[in-house]
Amino acid sequence: MKRSRLLAVLVGGIFCVAVMSLYRMLELMQGAELQQRLDTPIGQDEDLSRLQQKIDKLELLLSDNNRLVATLRDTLIQRKASWETGRGANGSSGSTRQLPGCRLAEEMKDGTDGVQLLDVYDLLPFDNPDGGAWKQGFKIRYQGNEWDEQPLEVFLVPHSHNDPGWLKTFDRYYEDQTKHILDNMLIKLSEDSRRKMIWAEISYFSKWWNDIDEQKRETVKSLVGAGQLEMVTGGWVMADEANSHYFALLDQLMEGHQWMQRHLGVKPSTGWAVDPFGHSPSMAYLLKGAGLSHMVIQRVHYAVKKHFAQQRTLEFLWRQSWDSSPRSDITCHMMPFYSYDVPHTCGPNPAVCCQFDFHRLPGGRVFCPWTIPPQPITEQNVQERALLLLDQYRQKSRLFRSPVLMVPLGDDFRFVEASEWDAQFTNYQKLFDYFDQHPELHVKARFGTLSDYFSALSRRVAAAGSTLPTVRGDFFTYADRDDHYWSGYFTSRPFYKRLDRTLEATLRATEILFSLTLAEMRRLHGDGRLAADFPAREHFGRLTAGRRSLALFQHHDAVTGTARDPVVVDYGNRLFESILNLHAVLQSSAHWLLLLDKSQYHHDQSKPFMQMVDVMSSQDALPQKTPLTLSDQPRSVMVFNPTEQLQTSVVSILVDSPDARVVAAETGQPVVAQISAVWAGPSRAATDSFQLDFVAELPPLALVVYHVTRSSVGSAPRARYTFRRRGNLPNVQVEHFQVSRPDAAEADAPLSLSNKHVQIWSSPETGFLQKLRLQSGLVRRLQVQFLWYGTRTGASRDKSGAYLFLPGEEGAQVYSPPEPPLVRVSRGPVFSDITSCFRHFTHTVRLYHLDGHAGRSLEISNTVDIRSEVNRELAMRLVSDVANGNRFYSDLNGFQMQQRRTLAKLPLQANFYPMSTAAFLQDSASRLTLLAAQSQAVAALRPCELELVLDRRLQQDDNRGLGQGVTDNKLTASLFQLLLEDRRGGAKEVGGASVEHLSLLAHLTSLSLCHPPITMVALSNSQLPKLRPFLPLRSSLPCDVHLLNLRTLEDAQEADNPSQEVALLLHRKGFDCSSAPEPQLKCTWSVHEEVSLDGLFSPLRFGSLRRSGLTLLRDHDEPESARQQTSPRITRLRPMEISAFRAEID
Ligand SMILES: [Zn+2]
């Protein structure tokens, strides 16, 4: 601490001295100028201009000086960081709490006020008693005089829930329903200014906008301007909040908001998420960061809803678990009842509320299942009808603290026909008029938007001098009735959940490389021009389409795996085509960047300069590597590192020769490589292709070239193989490689692999991991098991489907193969692995022999095929001796970690949670982290265990409207990194709902797992122009700062063109302080929230830099004046927070 104060004083001192001396200089010079002017009375104008010049020069000096001070400060910070890690590594094991940045991390752990959802879960009995008319609730009582002082104020909010794909594809829904809804909206809202409507999905709205003429567009704008039509959330879709990654969540929000700004000139202020199957605080964070101040959620566990209703906390300030300030607070309204349809929104009794859904008037296609139909409102029945409805309104109002009431009016794809608009709006208007004519009822009701409702609410809350309660935590796992927990969709259609993340990684890499390419072109030309032949506009179109495909897939029936089969194929094609299109952008950007002589750049879409190594052949196929033909001429392999960290990565390509040599093109130095077999069958190696893996040192965001040549025999070490199978040994066909057979003694001994950080032991029978030992001496049991889950039996029982997980009473059954597996062990200088080949899956555990962080974890990969099964789910379980009790942690959207408690009072399926990137178990001595490259369900059903569901095949519908099972399974891959960390000495036992973060090492491992290097090869061996590496950054970013995106913005004047501006999105991650990475990591991190962006991104220079909201809306930009008051180059990055800047790269 003393040292840090000393440093602060030192830095401050340097700054003060520098500034003071400059001012002194200025003073002296001004004095001299004045003296001169007095001495020589001639040429006053000339003098003034000279003075001006001098002042300009001084200003320049001053700004240079500022930069110098900033750089100095950063250097000091970084030196201090490395000094302290050095001490941590060398000193006692208790030194870890001195990790720089831990002060910030610790500050984020004291959020204890308000309601914590984990405590609510501990408290609730989950007994599901019959509540009467409100089945999952209770009887609501009121006197009748509650509104005498403050009348009941009702806002009826018309809405139409439009799924961008579910039972029909996006385009089919648009043609059949959505376009008619929006067409009629224009007519029907224009007829009466009292009518209102809200709209959420910009994917549909923008499609419709393209179809309508200018006059209609003007009408839309005037309806929006008049407050009759409100765009809510403004996302491309109403996103899933369980499986989606925060990159994609923000991307779809940005795409929608940017569209709104350009075409409607408005920004949303309220969120509307009535159908996603559970709710995440990550979404609340993004909405708040995008400038929204209110939000509505609906699908919350019925027992939690009931509790919140009893406590009258259905309206609350949703705060991030890690936030000790109210900065992240957003006002959230939780809908109290079962559904967002009309029967469940007017009040607690659906039989009554259904009578006020005038779309269900007798004679129509829809009716009320509670048998009493609606009646058209007439003079004869208006009094009776109005009082019946008012009773429901009043009951519902008793669940809230203010006398303002929101009543949504709508359902899925509602308001299609003009007659439906008329039925709803005219009948309700009659009821409202009746209320107006009867002041003794103390009710004012009208059509409203969400903003209308929330501004009335804010007024009432302010007038009452009260504030809303604070709530922390998340709303998973959702149950809508009985023991029907929606944990199946955390895994459904895992092939596409993985494809989603492949597109996400491809999109991010392409965004960054494209932005850097444009910047580099402008820098080179000096006048803002781009390279003449570079198809910037076409590429920007491809990027936009890629953004929108990823955005569309975040819809709550897309990434969730809950759409009909043909709709899934439609999504798959969109993802697949986007990946291909983004590859085209990557290739030509890389081409231009790598050319030494840029004049040699020529773009020909039909003859690309290079191609991708990993290629998908169709939307439902796993990527394959393109084999390379080698010769004596060097073949160029280009590798792009999309991460902001220096990476030691293993690059993998296929070649036609078992003898190859790889050199770094720039230096001609050979790199470490390994030749492995390509497996045509479990024990049969291909004879015409070979896998070449080499170790690449990749600077941050760099494009590096390697040369591969065919060479003399034995130039690259070949992997050595051992095969085992209990009973009869397989027929092994492996040419070119050394194969050894274990002798009798070896055959029963555990298999073991090791590198300098880790040693593992595996079962000789199954190849499954059994034990792990770290270099520090820490040993942990670590058994891998595979399991089957079945579903409930009996004709009348509800069974698992796309949404629901309803396992049989027997629980998980250990996977017992019909025949013993083939176990294949490979050993080589780059990596060694153990592969177990079973009928339903292939499981590989691999150790890389690398010095960097990649050597500290185990890579686990599975290829699963359960197409032969009926009503089964395959799970992978890790059994350890990490004593976690009933607590574990899983991530929310890759953005934050959330504590989970496994509760015996809940059924098995309720204890499964979503996991997008990470989960861990920990005790005071160790932490076991599993990092994932795709989303799936996770649970820790018993102490020391962690399990994941890999795939599910279910023959039946689960009665949530989909009307089919999930039987379109494919050969599906999943990829993980398993990390054991030693916490001895550093860890504190923490109780309560503690906030925990991944360690820095885990963050780095996750980054390399989710954003692997992208490898391309030159198309031919023929004469290549001279290439040179592209190295945009001098050094890695601090390891807690993640470059989330560098996204080129659309030109404000010229539509569909890239502008000079980029969205620079930085996420400063929170990290665990109880384990210091040993040996220390290569990157450093900062103790301070303030960082110099110029320093971080050097030698890149930002010509302008303005902090903005997370979706880069112009009116969220910080004003220019505020920017200049603080030093423009020093900015604040708060731990856990995402910061967005609008920037121009010079
Ligand atoms: Zn929906």
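Note that this is a predicted model, so its numbers are computed, not measured.

Undergrad: Got a minute to help me understand the overall build of the protein in this structure?
TA: Along the protein, the regular secondary structure elements total 21 helices and 50 strands. Counting all 1146 residues of the protein, 61% fall into the buried class.

Undergrad: Explanation requested: the coordination of the zinc ion in the structure shown.
TA: For the zinc ion, the full set of protein donor atoms is His161 (NE2), Asp163 (OD), Asp275 (OD) and His556 (NE2), at a range of 2.0 to 2.1 Å. Taken in sequence order, the residues that donate to the zinc ion follow the motif H-x1-D-x111-D-x280-H. Taken as a pair, His161 in strand S2 (residues 152-161) and His556 in the loop between helix H16 (536-553) and helix H17 (565-594) lie far apart in primary sequence, 395 residues in all. Like His161, the residue His556 is buried in the burial classification.

Undergrad: Please clarify how unusual backbone geometry should be interpreted in this entry.
TA: Excluding glycine, residues mostly have negative phi values, and the peptide bonds linking residues are mostly trans. Thr477 follows Phe476 through a cis peptide bond whose omega is 0°. Cis rather than trans, the peptide bond between Ser1098 and Pro1099 has omega equal to 5°. Although it is not a glycine, Thr233 adopts a positive phi angle of roughly 60°. Considering the arrangement of structural elements, one finds Thr233 in the loop between strand S4 (229-231) and helix H8 (246-263). Of note in this structure, His442 is not a glycine but carries a positive phi near 55°.

Undergrad: What should I look at first to understand the pattern of salt bridges in this one?
TA: Close approach of charged atoms allows side chains of opposite charge to pair. The tally for this structure, following the rule as stated, stands at 61 salt bridges. Between Arg1047 and Glu255 there is a salt bridge, and its shortest N-O distance comes to 2.8 Å. Here Glu255 lies in helix H8 and Arg1047 lies in strand S45 (residues 1041-1050), a separation of 792 residues in the sequence. For the pair formed by Arg1047 and Glu255, the shared burial category is buried. One salt bridge connects Asp570 with Arg574, and the closest N-O pair in it is separated by 3.2 Å. Of this pair, Asp570 and Arg574 both sit in helix H17, four residues apart, which is roughly one turn of that helix. Note on Arg574: relative accessible area 24%, which makes it partly exposed. Residues participating in the shared-partner salt-bridge network are Asp171, Lys207, Asp570 and Arg574.

Undergrad: What is the right way to look at the nonpolar core in this model?
TA: Soluble globular proteins tend to pack their nonpolar side chains together in the buried interior. Counting 261 residues, the largest nonpolar core has Phe205, Leu229, Tyr393, Tyr428 and Phe1097 as its most contacted members. The residues touching Tyr393, leaving out its near neighbours within four places in the chain, are Leu152, Val154, Leu156, Cys346, Leu405, Val407, Tyr428 and Phe435. Listed in part, the 33 residues of the second largest apolar core include Ala660, Ala685, Tyr706 and Val734.

Undergrad: I'm lost on the pairing of strand S33 (residues 841-848) in this one. Help?
TA: Here is the key point about a regular strand: its side chains alternate between the two faces of the sheet. By the criterion of burial, S33 is predominantly enclosed, with seven of the eight residues buried. Strand direction decides the pairing type here: strand S32 (residues 831-837) and S33, joined by seven bridges, are antiparallel. The partner of Cys837 across the bridge, within S33, is Thr842. Between S32 and S33, which follow one another and run antiparallel, lie three residues. As paired strands, S33 and strand S34 (residues 858-864) are joined by six bridges and run antiparallel to one another. Bridge pairing in S34 links Phe841 to Val864.

Undergrad: Got a minute to help me understand the sheet that holds strand S48 (residues 1102-1108) in this structure?
TA: Working definition: the strands of a sheet are paired by backbone hydrogen bonds and lie parallel or antiparallel to each other. The antiparallel open sheet is built from four strands, whose spatial order is S45-S46-S50-S48. A strand with exactly one partner marks an edge of an open sheet, and here the two such strands are S45 and S48. Here the strands of the sheet are splayed against their neighbours by 25° on average, with no regard to which way each runs. Judged from the seven bridges that link them, strand S46 (residues 1058-1068) and strand S50 (residues 1138-1145) form a sheet pairing that is antiparallel. Counterpart to Val1062 in the pairing with S50 is Ala1143. Running over the sheet, H8 touches S45, S46 and S50 and is turned about 25° from S45. Across the sheet, H16 is in contact with S45 and S46; its angle to S45 comes to roughly 120°.

Undergrad: So what exactly am I meant to see when it comes to the sheet that holds strand S1 (residues 115-116) here?
TA: Spatial strand order, S1-S11-S7-S8-S6-S5: six strands in an open sheet with mixed pairing. Taken across any chain shown, the strands that pair with only one partner, and hence form the sheet edges, are S1 and strand S5 (270-273). When S1 meets strand S11 (residues 470-472), the two strands line up parallel, connected through two bridges. For Gln116, the partnering residue across the bridge sits in S11 and is Arg472. Running over the sheet, helix H9 (residues 281-289) touches S5, strand S6 (294-297), strand S7 (315-319) and strand S8 (330-334) and is turned about 130° from S8.

Undergrad: Would you mind showing me how to read the pairing of strand S23 (residues 703-710) here?
TA: When you tally the buried positions in S23, you get six out of eight residues, the bulk of the element. Two strands pair when backbone bridges link them, and strand S18 (residues 635-640) and S23 are joined in this way by six bridges, in the antiparallel orientation. Each bridged residue has a counterpart across the sheet, and for Val639 the counterpart in S23 is Val704.

Undergrad: Please explain the packing of helix H6 (residues 202-211) against H8 as it appears in this structure.
TA: Working note: a packed helix pair is described by the angle between its axes plus the distance between those axes. Where H6 meets H8, the axes come as close as 10 Å, and the angle between the chain directions of the two elements is 35°. As for the relative orientation of H6 and H8, their crossing is left-handed in sense. Between H6, through Ile202, Phe205, Ser206 and Trp209, and H8, the contact on the second element is made entirely by Gly256, Trp259, Met260 and His263. Residue composition of the contact of H6 with H8, by class: five nonpolar, three polar and no charged.

Undergrad: I tried to follow the environment of Glu869 on my own but got confused; where do I start?
TA: Along the chain, the position of Glu869 falls in the loop between S34 and strand S35 (872-880). A relative accessible area of 11% means that Glu869 is categorised as buried. For the pair Glu869 and Leu954, spaced 85 residues apart in the sequence, the C-alpha separation amounts to 8.9 Å. With residues up to four places along the chain from it excluded, the contact list for Glu869 reads Trp788, Arg839, His840, Arg953 and Gln955.

Undergrad: It is not clear to me how the packing of aromatic side chains should be interpreted in this structure. Could you clarify?
TA: In this description, an aromatic ring pair is defined by two values, namely the gap between the centres and the angle between the planes. Going through the model one piece at a time under the given rule, you end up with 61 aromatic pairs. Seen in terms of ring centroids, Phe308 and Phe475 are 6.2 Å apart; in terms of plane orientation they differ by 70°. Their pairing is edge-to-face. Of the two residues, Phe308 sits in helix H10 (residues 302-310) while Phe475 sits in the loop between S11 and strand S12 (479-481), which places them 167 residues apart along the sequence. Of the two residues, Phe308 and Phe475, both sit in the buried class. Each member of the aromatic cluster is reached from another via a ring pair, and the members are Phe356, Phe358, Phe415, Trp421, Phe425, Tyr428, Phe432 and Phe447. Its end group placed over the ring of Trp761, Lys771 keeps NZ or CZ at 4.6 Å from the ring centre. Across the ring face of Phe920, the terminal group of Arg927 is positioned such that the distance to the ring centre comes to 3.8 Å.

Undergrad: I keep staring at helix H15 (residues 494-525) and nothing clicks. Help me out?
TA: Residue pairs spaced three or four apart in an α-helix point in one direction, given the helix's 3.6 residues per turn. With 32 residues, H15 extends 47 Å from end C-alpha to end C-alpha; this agrees with the ideal 46 Å at 1.5 Å per step. Counting buried residues in H15 gives 27 out of 32 residues, a clear majority hidden from the surface. Just downstream of H15 lies Gly526, where phi reads positive at about 75°.

Undergrad: Could you clarify how one ought to interpret the environment of Gln375 in this entry?
TA: On the secondary structure map, Gln375 appears in the loop between helix H11 (350-353) and helix H12 (382-397). Among all residues touching Gln375, those that are not within four sequence positions of it are Gln355, Phe358, Leu361, Asn381 and Arg385. At a separation of 3.2 Å, a polar atom in the side chain of Gln375 contacts the side chain of Asn381.

Undergrad: Explanation requested: the environment of Phe1102 in the structure shown.
TA: Its location among the elements puts Phe1102 in strand S48. You can call Phe1102 buried: its relative accessible area is 2%.

Undergrad: How should the state of the cysteines be read in this particular structure?
TA: By definition, a disulfide links two cysteine residues through a covalent bond between their sulfur atoms. All chains considered together, the criterion is met by two disulfides. Here Cys346 is linked by a disulfide to Cys353, with a sulfur-sulfur distance of 2.0 Å. Judged by the sign of its S-S torsion, about -90°, the bond between Cys346 and Cys353 is left-handed. Per residue, the accessibility class of Cys346 equals that of Cys353, and both read buried. Here Cys354 engages in a disulfide with Cys368; their sulfurs sit 2.0 Å apart. Its S-S torsion of approximately -100° makes the covalent link between Cys354 and Cys368 left-handed. Residue Cys354 is located in the loop between H11 and H12, and its partner Cys368 is located in the loop between H11 and H12; the two are separated by 14 residues in the primary sequence. Judged on exposure class, the residue Cys354 and its partner Cys368 are both buried.

Calculation criteria
Residues numbered from 1 in each chain as written. Predicted model: local features only at pLDDT ≥ 70, side-chain atom pairs only at ≥ 80, totals over all residues. Heavy atoms only, no water. Helix = DSSP H or I, 4+ residues; strand = E, 2+ residues; numbered from the N terminus. Buried < 20%, exposed > 50% of the residue type's maximum accessible area, 1.4 Å probe, protein only. Donors = N, O, S within 2.8 Å, 3.2 Å for Na, K, Ca; no water. Salt bridge = Lys/Arg side-chain N within 4 Å of Asp/Glu carboxyl O. Core = buried A, V, L, I, M, F, W, Y, C linked by side-chain atoms within 4.5 Å. Contact = heavy atoms within 4.5 Å. Pairing = 2+ DSSP bridges. Axes fitted to C-alpha atoms, helices over the stretch in contact; angles between N-to-C directions. Left-handed = near helix turned anticlockwise from the far one by under 90°. Nonpolar A, V, L, I, M, F, W, Y, C, P; charged D, E, K, R; others polar. Phe/Tyr/Trp six-rings, centres within 6.5 Å; stacked < 30°, edge-to-face > 60°. Lys NZ or Arg CZ within 6 Å of the ring centre and 35° of its normal. Expected span 1.5 Å × (residues − 1). Polar contact = N/O pair within 3.5 Å; in protein donor to acceptor, adjacent residues only side chain to side chain. Disulfide = S-S within 2.5 Å.

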